[in-house]
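# Topology and contacts: notes
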Amino acid sequence: MNLAEVPPGTKARIESILDVAIREHLLRLGITEGSVVELVQRVARGPVVVRKSSLEISLGKRVAEHILVSSVGDGP
Amino acid sequence: MNWHGHGKPSPSMKLKSVVLVGNPNTGKSVLFSELTRQFTDVSNYPGTTLRLSEGHVEDYVIIDTPGVYGLHSEGEDEESVRGAVGAADMVVNVLDATNIERGLWLSLELMETGKRAITVLNMWDEAQAMGLVVDLAKLQEIVGSPVFTTVATRAVGIEELARAIAAEMASTERMEASPLSQPSAALLTTSATSDQPSRWSAAIAKRRWVEDTLKQVLIERPEYRGPADVLSEIMIRPVTGVPLALGILGAVFYLIGTFVAQDLVEFTEGVIFQQVYEPAVRSLVGRVLSGPLYEILAGEFGVLTMTVTYILGLLLPLVFAFYVLMAVLEDTGYLPRLATLADRTFSAMGMNGKAVIPIVLGFGCVTMATITTRILNKGKERTIAIALLALAVPCSAQMAVILVLLAGLGFVYWALYGGIILAVFLTIGGLLSRLIPGEKSDLIFELPRLRLPQWRNVLRKARFRTWVFIRDVFPLFFLGALIISLLLVSGALAALQDGLRPLVSGWLGLPAEGATALIMGFVRRDFGAAGFFHMALTPLQAVVGMIVITLFIPCIASIMVIHKEMGLKGVLGILGFTLGVAFLTGGIVHRVLATFLGG
């Protein structure tokens, strides 16, 4: 499952980030393999918004599709 | 941001310098303004500071830098910050107190440089409201530099910080970082290498350091959800966000279109300037001069009459109102959320959602917005954004005249004008996306916390931008009025009108005097729009005229910026392109509407 397929309101653990540039950029923002993020919002055929602690980031569709995740259910 | 240049690119030669460094949107520019008592443009979205600016304090300079996440990545901003840090005597590392984690990576890279430093946790009030508890002593120990807390927007903690900076600058002794805080040697040597695997392991090591530090420093981090978070979700959920965006846009134009463009301007332009100021000037000038000189100074296009009336009576109130509303939009942090919603639409035009920011700002000032296109990462995205700004985004001054001109015509003509400009915007955007080679960049955009706008900053910003506008526009309008008056008294204007008749009357269906407005449009689009102001136009002619003048060539200030960003070829391309699209669209609209409306 990739990040673009995660339903809003649920959390997901990032398993791998397939693009080097995206991986480096996100690492600097504190998001990397193993991080758990909450999917805040998903725009149809558009970006997803994820939250990790007090950081909210908007990720374009292509970015989200390059991030493989596993589900950790809803709630903390 | 400093788009009309009192910021110099490099620090002054012999003075000692302090450089403010931090992530985007941590409040460096507000701190800079407070520390130097000099205004720089600040907003609540990442990327407001697009180049270095400096201010003098006592015997040293303070340098403001664009926000970066690290020192070692590629990119113009990183390069300029790296240079500024290298040349500086001291670094002030600014962190967002509500999100220390985000800033620590850069803090580590700054520590690696071995520069003397002060660490500032800004937005301290918000961090406390969120219930964050930070061990400042521990942080001080780990980063090896004094830590201060500030609320820059309300000038809290600034004096202490200023004193500390002054004291540090006065002392010649170098601060030694405690051994505990020194990053490992491996980290130091690999941070700038381009070798992929070792670079990645260095990055992982840095990340681990950030997490370790965070664990030691952040004592409490409650799960905090305030009203701002609820509002934020409303803004980015398409079902609620799209109507909200349209509502905000509508409210902006309604407010300005009715209160300012009609009621206020009726008083400033109609009463103060046309009934009091102009007659006074005419009688005064008439006493000493007559003939052509009178015509140039106080005639129909007189530099003392028309120019002053347009700028102070008509444009000043409208431009200021626009800038206030823009500043509110910027400072709340709404624009990055709008970028999220707009990403899909902008993708169809070869850009990512971030491009919505320069486009929206273009409604304030296209010149400033053209500089703001630097927040876009790819050349293709910037070219498209600059072209669309030059073509289809009317700046506040131009919008002002258009609002006044179309005000009496009613909703249908409004919708017609807006709809056609929007259609041109989307069509040309889509075409450019296909014609210009390259790819759009991926959207990875931080959403800043929503904040209530600080009126102090909003008014300061609007005042500053309005002042820059008036300062730049006066000489141009004077020049334009002078040229038009000279053409008029020499009889050349009549000849030009005759020569342009096939285009202006035949193709666009405007009265022959419309040529004057177009000639004025070469000076500035808003000047050109103003040229239509006192012509007797049918509603259809007004719409066609406004469409042509909206799509017309950008103002001279914009052209100069485009020259800087894209070179001479870019300028010539933009000029030909905007003129072509303007006349083509105007002619087609005239023909189609005349068939339907019988005008």
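All of these numbers come straight from a predicted model, not from anything done at the bench.

## With respect to the overall build of chain A
Per the secondary structure count, chain A includes 2 helices and 5 strands. The order of helices and strands in chain A, counted from the N terminus, is β-α-β-β-β-α-β. With the principal axes as the frame, chain A shows a C-alpha extent of 30 × 25 × 20 Å. Within chain A, buried positions represent 57% of all 76 residues. Counting contacts in chain A only where the partners sit at least 6 residues apart, residues at least 24 apart contribute 58% of the total. Of the accessible surface of chain A, which amounts to about 2,900 Å², a share of 52% is contributed by carbon and sulfur atoms. Taken together, the 10 basic and 9 acidic charged side chains of chain A have centroids lying 3 Å from each other.

## Considering the pairing of strand β9 (residues 444-447) of chain B
Neither face of β9 of chain B is left uncovered, since the one carrying I444 and E446 of chain B and the one carrying F445 and L447 of chain B both have all their residues buried. Here strand β4 (residues 55-59) of chain A runs beside β9 of chain B; their pairing, made up of 4 bridges, is antiparallel. Within β9 of chain B, the residue paired with S58 of chain A across the bridge is F445 of chain B.

## What to know about the sheet that holds strand β4 (residues 90-96) of chain B
All names here are of chain B. Taken together, the 6 strands give an open sheet; going across it, the order is β2-β3-β1-β4-β5-β7, and neighbouring strands pair in mixed fashion. Bordering the open sheet on either side are β2 (53-57) and β7 (147-149), each of which pairs with just one other strand. Taken over all neighbouring pairs, the strand axes of this sheet differ in orientation by 25° on average, direction set aside. Across 5 bridges, the pairing between strand β1 (residues 16-22) and strand β3 (residues 60-64) is parallel. Residue pairing in the sheet places S17 in a bridge with V61 of β3.

## Section: the interface of chain B and chain A
How big an interface is tends to be stated in terms of the accessible area lost upon association of its parts. If you look at the interface, chain B gives 33 residues, while chain A gives 32 residues. For the pair chain B and chain A, the summed buried area comes to about 3,000 Å², and 56% of that belongs to carbon and sulfur atoms. Sorting the residues of chain B by area buried against chain A places W200, R344 and I444 of chain B first, and these three jointly supply 23% of that buried surface. Taken together, chain B and chain A are joined by 4 salt bridges. The salt bridge involving K52 of chain A is made with E101 of chain B; its shortest N-O contact spans 3.1 Å. Counting every contact that joins chain B to chain A gives 7 residue pairs in polar contact (both at pLDDT 80 or more). For the side of chain B that touches chain A, the elements supplying multiple residues, two or more each, are α3 (100-113), α8 (196-217), α9 (227-236), α13 (334-347) and β9 of chain B. Class assignment for the residues of the side of chain B that touches chain A results in 13 nonpolar, 7 polar and 13 charged.

## Overview of the pattern of salt bridges
Side-chain pairing between opposite charges can occur once the charged atoms of the two side chains come close. Summed over all chains, the structure comprises 25 salt bridges over all chains. Among the ionic pairs, E330 of chain B bridges to K461 of chain B, the shortest N-O distance being 2.7 Å. Of this pair, E330 of chain B sits in helix α12 (residues 306-332) while K461 of chain B sits in helix α19 (residues 455-490), and the two are 131 residues apart along the sequence. Of the two residues, E330 of chain B and K461 of chain B, neither departs from the other in class, the shared state being buried. A cluster of three or more residues bridged by salt bridges with shared partners is formed by E38, R51 and E56 of chain A together with E233 and R337 of chain B.

## A few points about α3 of chain B
Residues and elements named next belong to chain B. Under the 1.5 Å per step criterion, the end-to-end length of α3 is 20 Å for 14 residues, consistent within 8% with the ideal 20 Å. For α3, a buried count of 13 out of 14 residues is recorded, marking the element as mostly surrounded by other parts of the structure. Just beyond α3, the residue with positive phi is G114, at close to 75°.

Thresholds applied
- Residues numbered from 1 in each chain as written.
- Chains lettered and ligands numbered in written order.
- Predicted model: local features only at pLDDT ≥ 70, side-chain atom pairs only at ≥ 80, totals over all residues.
- Heavy atoms only, no water.
- Helix = DSSP H or I, 4+ residues; strand = E, 2+ residues; numbered from the N terminus.
- Buried < 20%, exposed > 50% of the residue type's maximum accessible area, 1.4 Å probe, protein only.
- Contact = heavy atoms within 4.5 Å.
- Areas by Shrake-Rupley, 256 points an atom, 1.4 Å probe, with all protein chains shown as cover.
- Lys, Arg positive; Asp, Glu negative; His and termini not counted.
- Charge placed at Lys NZ, Arg CZ, Asp CG, Glu CD.
- Pairing = 2+ DSSP bridges.
- Axes fitted to C-alpha atoms, helices over the stretch in contact; angles between N-to-C directions.
- Buried area = accessible area lost by both parts, 1.4 Å probe.
- Salt bridge = Lys/Arg side-chain N within 4 Å of Asp/Glu carboxyl O.
- Polar contact = N/O pair within 3.5 Å; in protein donor to acceptor, adjacent residues only side chain to side chain.
- Nonpolar A, V, L, I, M, F, W, Y, C, P; charged D, E, K, R; others polar.
- Expected span 1.5 Å × (residues − 1).

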